[in-house]
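# Observations on chain architecture
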Amino acid sequence: MQGGQGGAGSTTTGEPTREELEAKLREAQVLLRAILDHLPITVCRYDREGVFTFHDGKGLEVVGAKPGQFLGANVFELFADHPETVETNRQALAGKSSYTNYDAYGAAWETWHLPVRDGGGEPDGMITISLDGSTARRREQELRAKIELIEKQQEVIRNLSTPIIEVWDKVLTLPMVGVVDSLRISEAMDNLLSAIVNKDARYAILDLTGVEAVDTRTAGDLIEMIKAIRLLGAEGIITGIRANVAQTMIALGLDLSGVTTVGNLRAGLKLCMQRMAAAGDAGSAPVK
């Protein structure tokens, strides 16, 4: 009676029956077959000497090989011209697992080297699982290319939004349009200061005719830009300040006493020419 308490399909000790074990084995075989037939992987099993005892997987199509093609071959002889691969396989057979990422046969491969141990825990060959990552690699490269393109486009947009023009020999102008924030001011300052040094400019005109509004921080940054220009031995001139922008600067209590301002760009350029003429540079020709 006690033997009948184990339940259908089970032994009296609770261990699975032979039928249950065979069913699980068939299920495992079905799962393995589905993986090997549909995923871009190659699975290999090697004995202790590195001889192929299993060689299968859809990934073989990439290299033009067939399942079982390398059965009986020795991995060390097959990859004799690839010392890194030989060493990785040797370590796996010795019991050390590893992961490698390399290009071969026109594809990008990710390979896991997994040691196999016998019942006593001793090394008993290895298994390698290679995944064809070419599709993922191409997507990554395409994504990087798109990111680089976007960054270049953003740089072009920034340069267009804050163009630095050499309107006369040693005279630069920076026309700004729209709403000017701290980020645009920072980029404009870096570009303008570099241009002053490269062009050996004596005057830099900040034309705010097209600026609709500035925030409180930006108004102060404009004054700091004028100071930075002076440190380079040039003079900064602000032109075309709108009424609302002027009110913002006054409300902040900014000291504009040391800043040269004129009504428009034409007046600013005329002022630069007058000062250059007074300094003996009247003969400078306009930039073609």
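Structure: above.
Residues numbered from 1 in each chain as written. Predicted model: local features only at pLDDT ≥ 70, side-chain atom pairs only at ≥ 80, totals over all residues. Heavy atoms only, no water.

### Some points on the overall build of the protein chain
Cut-off, in case you're wondering: Per the convention used, a helix needs a DSSP run of H or I reaching at least four residues, while a strand needs a run of E reaching at least two, with both numbered from the N terminus. Using a 1.4 Å probe on the protein chains alone, a residue whose accessible area is under 20% of its type maximum counts as buried, one over 50% counts as exposed, and one in between counts as partly exposed. Any two residues having at least one pair of non-hydrogen atoms within 4.5 Å are treated as being in contact.
The secondary structure content of the protein chain amounts to eight helices and 10 strands. Of all 288 residues assigned to the protein chain, the portion counted as buried reaches 31%. Restricting to contacts in the protein chain with at least 6 residues of sequence separation, those with at least 24 account for 56%.

### A short note on helix 6 (residues 216-231)
Quick reminder of the rule: For a helix, the expected span equals 1.5 Å multiplied by the residue count minus one.
Between the first and last C-alpha of helix 6 there are 24 Å, a value that for 16 residues agrees with the 22 Å anticipated at 1.5 Å per step. All of the buried residues along helix 6 are Thr218, Ala219, Gly220, Asp221, Leu222, Ile223, Met225, Ile226, Ala228 and Ile229. Residues of helix 6 that are buried sit in contact with strand 7 (171-180), helix 5 (182-199), strand 8 (203-214), strand 9 (235-239) and helix 7 (243-251).

### Focus: the environment of Val262
Relative to the assigned elements, Val262 resides in strand 10 (residues 260-262). In the structure, Val262 is positioned 21 residues away from Ile241 in sequence and 8.2 Å away in space, judged by C-alpha atoms. When near neighbours in sequence (up to four residues on either side) are disregarded, Val262 contacts Ile237, Ile238, Thr239, Gly240, Ala267, Gly268 and Leu271.

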